[in-house]
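Here are the chains, one letter per residue:
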Amino acid sequence: MKRRKIAVAAGFCFSFFLGTLMNLLFIPGFEHHQSNRVHRSDQEEEHADHLQPRAAERRVHRDSVSAEPRSSHPDLARQIHERYNEVVRYRQHRAPWSEAGNPLRPLERRRLMDLAQRGSSEQLKAAEMMNSRPVDFNHGSSFSPLPAKAKLDFDINLNRNMHNPSLMGCSDIDNVTNVQYLGSGYTKAVYKADINETFSVALKSVDFGGHDMENCVKKYASPEACYRLASYKIVKEMTLLQRLQHPHILKLHGYCYQDSNDITDTLTAITELGNPLEMIQLLQTSWEERFRICLSLVRLLHYLAHSPLGSITLLDFRPRQFVIVDGELKVTDLDDASADKAPCSSSADCFMEFPARNFTLHCSSQGLCQSINEKRNLYNAYRFFFTYLLPHSAPTALRPLLDTIVNSTGELRWGIDETLSELEKLLHLYSNGLYLQNTTQAPRAEYKRVVGASIAGDNYRCWPSYNHEGCLLSVFSIQEAMDVCESHGQCHAFVLTNQTTWTGHQLIFFKAGASSLVPDPDKVTFLRVTG
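Not measured: the values here are computed from a predicted model.

(A) Quick peek at the overall build of the protein chain. When helices and strands are counted, the protein chain shows 14 helices and 19 strands. Relative to its full complement of 531 residues, the protein chain shows a buried share of 50%. Taking as baseline every contact in the protein chain between residues at least 6 positions apart, the subset at least 24 positions apart corresponds to 69%. Carbon and sulfur atoms form 51% of the exposed surface of the protein chain, whose accessible area is close to 26600 Å².

As structure tokens, this is what we get:
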């Protein structure tokens, strides 16, 4: 009996030992300790195809990183894993159809960062090896193993044009000049810099003093792991900038990986530079320029609703997420964009809440909230842009149509297709002067036309004006210029410039008198002689 008890106890102890050993071998933190024993020279092999998947995973951190074992931070590991998979999802996504009508290849498993080498020596960083639990790469895993030092290639060069044959890299920004801090958000800091003193770009990188990094390091005490988590937002944004090619989406010029702040391979994205969108300044511009901003935005949202990645919503939809480039609005921040669909079992699940009001959308027969990404974008466009920029100081004949556009988007009676169609219709009316046909023709004063002359002074201010020191407005015709002059009590003359706006309207300087009439071969002046 005694032997039997000893045998049972021995068996129990052996089972406990075996279970403990198995847990040690497969918990996430165990691989971190294994990785510290990997030789430093192995980390420098950028394309070591002979490395086994698990060995590649273990090459995540340098020995110098002083962090707690990853096993004590499963939540951080999970966040990194989810953010990584999100990037891979956008990289792998294929559109169901193309504009040419040729079906695209079905979804295929492919390495995010193991594409063929292109022209630039600065390839994007290989998949930041996950600080997470072991993954079975042979059974439906969402990503493939890669050498830790391999570089990403987003295949951007496929879309380059003849004027931009290669992407910029570290060598292009090593000696930048005129570096200026532009601003930062929760994750990124943005700087302006000049390359070769001639070409200005924006440089985006993780803000080590930002909200995301500070809170993460305070909570997990792992700077490099926190950096990886934050940097995936930049990687995601770069992926979307490459996949979503559109005139109203900022251009990605390149990228660079360098060591910084004791963290290996910190990422800097090099993008097109734009001017911050300042709503106060926009409200002081002409209606034509404000209409241009709204039209740019609707064209962008129409593209996002029908993008190759599906319908995309901008979760962080604020004016600060946009910039102005050559008068056109462009979205600059895509790290919070999402193509995820909202599942539902009834319309009650399709509830959209905004500060001023709420909406309940239809739950489709496929169990998805119908057009929720599109409608969220459209209502945000209404509440941040349309209500402030569209109606004020618009041509009188266009105001009924503008009121319909603003009200229909504010009530979400229209989708993005109808909204774009109506704005394009409004552009046609304005560009071709058709809005003038319904105006009442009041008796006009007589004007004397003086060719080759201008008025140097005699300015007065009007609002809104293209020139804050005088009254510079755009008109479709000389007749409209006369109407404007007669509607201004101070106006006694106007000067035709040789400048036109984006709609083809001519810029006209309206003057309070002609006492400073001077010769100018490029100008034509109209002097009011009666009325």
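(B) Inspection of helix H8 (residues 223–243) at higher detail. Its 21 residues place the ends of H8 30 Å apart at the C-alpha level, agreeing with the 30 Å of an ideal helix rising 1.5 Å per residue. Counting buried positions along H8 yields 20 of 21 residues, so the element is predominantly enclosed.

(C) Expanded view of the sheet that holds strand E6 (residues 252–260). Spatially, E3-E4-E5-E7-E6 is the arrangement adopted by the five strands of the open sheet, whose pairing is antiparallel. On the outer flanks of this sheet lie strand E3 (177–184) and E6, each paired with one strand and no other. When the angles between neighbouring strand axes are averaged without regard to direction, this sheet yields 25°. Bridge count for strand E5 (residues 199–206) against strand E7 (residues 263–271) is four bridges, and the pairing is antiparallel. Bridging across to E7, Ala202 finds its partner in Thr271. Here H8 sits on the sheet in contact with strand E4 (188–195), E5, E6 and E7, set at roughly 25° to E7.

(D) A look at the state of the cysteines. Applying the stated criterion across every chain yields a total of six disulfides. Covalent S-S linkage joins Cys216 and Cys226, the inter-sulfur distance amounting to 2.0 Å. Across the S-S bond linking Cys216 and Cys226, the dihedral sits near -85°, which makes this disulfide left-handed. You can see Cys216 sitting in helix H7 (residues 211–220) and its partner Cys226 sitting in helix H8, a full 10 residues away along the chain. When sorted by exposure, Cys216 lands in the same class as Cys226, which is buried. Covalent S-S linkage joins Cys485 and Cys491, the inter-sulfur distance amounting to 2.0 Å. When the S-S torsion is -100°, as for the bridge of Cys485 with Cys491, the disulfide is left-handed. In the protein chain, numbering the disulfide-bonded cysteines from first to last in sequence yields the connectivity 1-4, 2-3, 5-7, 6-8, 9-10, 11-12.

(E) Up close: the pairing of strand E16 (residues 471–475). Burial analysis of E16 places five of its five residues in the buried class, which makes it a mostly covered element. Where burial is concerned, the two faces of E16 agree: the one with Cys471, Leu473 and Val475 and the one with Leu472 and Ser474 are both buried. In this sheet, strand E18 (residues 506–511) lies alongside E16 in antiparallel orientation, the contact comprising five bridges. Directly across from Cys471, in E18, lies its bridge partner Phe510.

(F) Structural context of the side chain of Lys511. By the element assignment, Lys511 lies in strand E18. Separated by 3.1 Å, the side chain of Lys511 and the backbone oxygen of Ile455 make a polar contact. Once residues within four sequence positions are removed from consideration, Lys511 is found in contact with Ile455, Ala456, Gly457, Asp458, Asn459, Tyr460, Gln490, Cys491, His492, Ala493, Phe494 and Val495.

(G) Highlighting the pattern of salt bridges. In this structure the tally under the stated criterion is 19 salt bridges. The partner of Glu237 in a salt bridge is Lys188, with the nearest N and O atoms 3.6 Å apart. Of this pair, Glu237 sits in helix H8 while Lys188 is found in strand E4, placing the two residues 49 residues apart along the sequence. Accessibility classification places Glu237 together with Lys188 in one group, the buried group. Its salt-bridge partner being Arg299, residue Glu424 comes within 2.9 Å of it at the nearest N-O pair. Of the two residues, Glu424 is situated in helix H13 (residues 416–431) and Arg299 in helix H10 (residues 287–305); the sequence distance between them amounts to 125 residues. Judged by its relative accessible area of 29%, Glu424 is partly exposed. Accessibility expressed as a relative area gives 27% for Arg299, which makes it partly exposed. Among the charged side chains, a salt-bridge network with shared partners connects Lys188, Lys204, Glu237, Asp333 and Asp335.

(H) Examining the nonpolar core more closely. By size, the foremost hydrophobic cluster in this structure holds 91 residues, and its most contacted members are Ile249, Leu297, Leu304, Phe322, Phe385 and Phe386. Per element, the largest residue contribution to this core is 12 residues, and it comes from H10. Taken domain by domain, this core gets at least three of its residues from each of domain 1 (170–273) and domain 2 (276–436). For Phe322, the contacting residues outside a window of four places in its chain are Leu277, Leu297, Leu300, Leu314, Phe317, Leu329, Lys330, Val331, Thr332 and Phe385. Counting residues in hydrophobic clusters, the runner-up holds 18 residues, among them Met482, Cys491, Leu496 and Val524.

(I) Structural context of the packing of H10 against H13. Two elements in contact, H10 and H13, have axes whose closest approach is 10 Å; the angle formed by their N-to-C orientations is 145°. When the axes of H10 and H13 are compared, the crossing they make is left-handed. Where H10 approaches H13, its residues Trp287, Glu288, Phe291, Cys294, Leu295, Val298, Arg299, Leu301, His302 and Ala305 are matched on the opposing element by Ile416, Asp417, Thr419, Leu420, Leu423, Glu424, Leu426, Leu427 and Tyr430. Here the residues of the contact of H10 with H13 sort into 13 nonpolar, two polar and four charged.

(J) Representation of helix H5 (residues 74–92) within the structure. Between its first and last C-alpha, H5 extends 27 Å over 19 residues, near the 27 Å set by a 1.5 Å rise per residue. Every buried residue belonging to H5 is among Leu76, Ala77, Ile80, His81, Tyr84, Asn85, Glu86, Val87, Val88, Tyr90, Arg91 and Gln92, and all of these are buried. The inward-facing, buried residues of H5 contact H7, H8 and strand E12 (337–338).

(K) Examining unusual backbone geometry more closely. For the bond from Trp463 to Pro464, the omega torsion is -5°, close enough to zero to count as cis. Despite not being glycine, Ala221 has its phi angle at roughly 55°, a positive value. Inspection of the secondary structure puts Ala221 in the loop between H7 and H8. One non-glycine residue, Asp458, lies in the positive phi region at around 55°. By the secondary structure assignment, Asp458 is in the loop between strand E15 (447–455) and E16.

(L) Geometry of the packing of H5 against H8. H8 packs onto H5 with a crossing angle of 10° between their chain directions and a minimal axis gap of 9 Å. The orientation of H5 with respect to H8, classified from their angle, is roughly parallel. In terms of crossing hand, the pair formed by H5 and H8 is left-handed. In this structure, H5 contributes Leu76, Gln79, Ile80, Arg83, Tyr84, Glu86, Val87, Tyr90 and Arg91 to the contact, and H8 contributes Ala225, Cys226, Leu229, Ala230, Tyr232, Lys233, Val235, Lys236, Thr239, Leu240, Gln242 and Arg243. Residue composition of the contact of H5 with H8, grouped by class: 12 nonpolar, three polar and six charged.

The rules behind each value
Residues numbered from 1 in each chain as written. Predicted model: local features only at pLDDT ≥ 70, side-chain atom pairs only at ≥ 80, totals over all residues. Heavy atoms only, no water. Helix = DSSP H or I, 4+ residues; strand = E, 2+ residues; numbered from the N terminus. Buried < 20%, exposed > 50% of the residue type's maximum accessible area, 1.4 Å probe, protein only. Contact = heavy atoms within 4.5 Å. Areas by Shrake-Rupley, 256 points an atom, 1.4 Å probe, with all protein chains shown as cover. Expected span 1.5 Å × (residues − 1). Pairing = 2+ DSSP bridges. Axes fitted to C-alpha atoms, helices over the stretch in contact; angles between N-to-C directions. Disulfide = S-S within 2.5 Å. Polar contact = N/O pair within 3.5 Å; in protein donor to acceptor, adjacent residues only side chain to side chain. Salt bridge = Lys/Arg side-chain N within 4 Å of Asp/Glu carboxyl O. Core = buried A, V, L, I, M, F, W, Y, C linked by side-chain atoms within 4.5 Å. Domains from an automatic or database assignment. Left-handed = near helix turned anticlockwise from the far one by under 90°. Nonpolar A, V, L, I, M, F, W, Y, C, P; charged D, E, K, R; others polar. Parallel < 35°, antiparallel > 145°, perpendicular 65-115°, else oblique.

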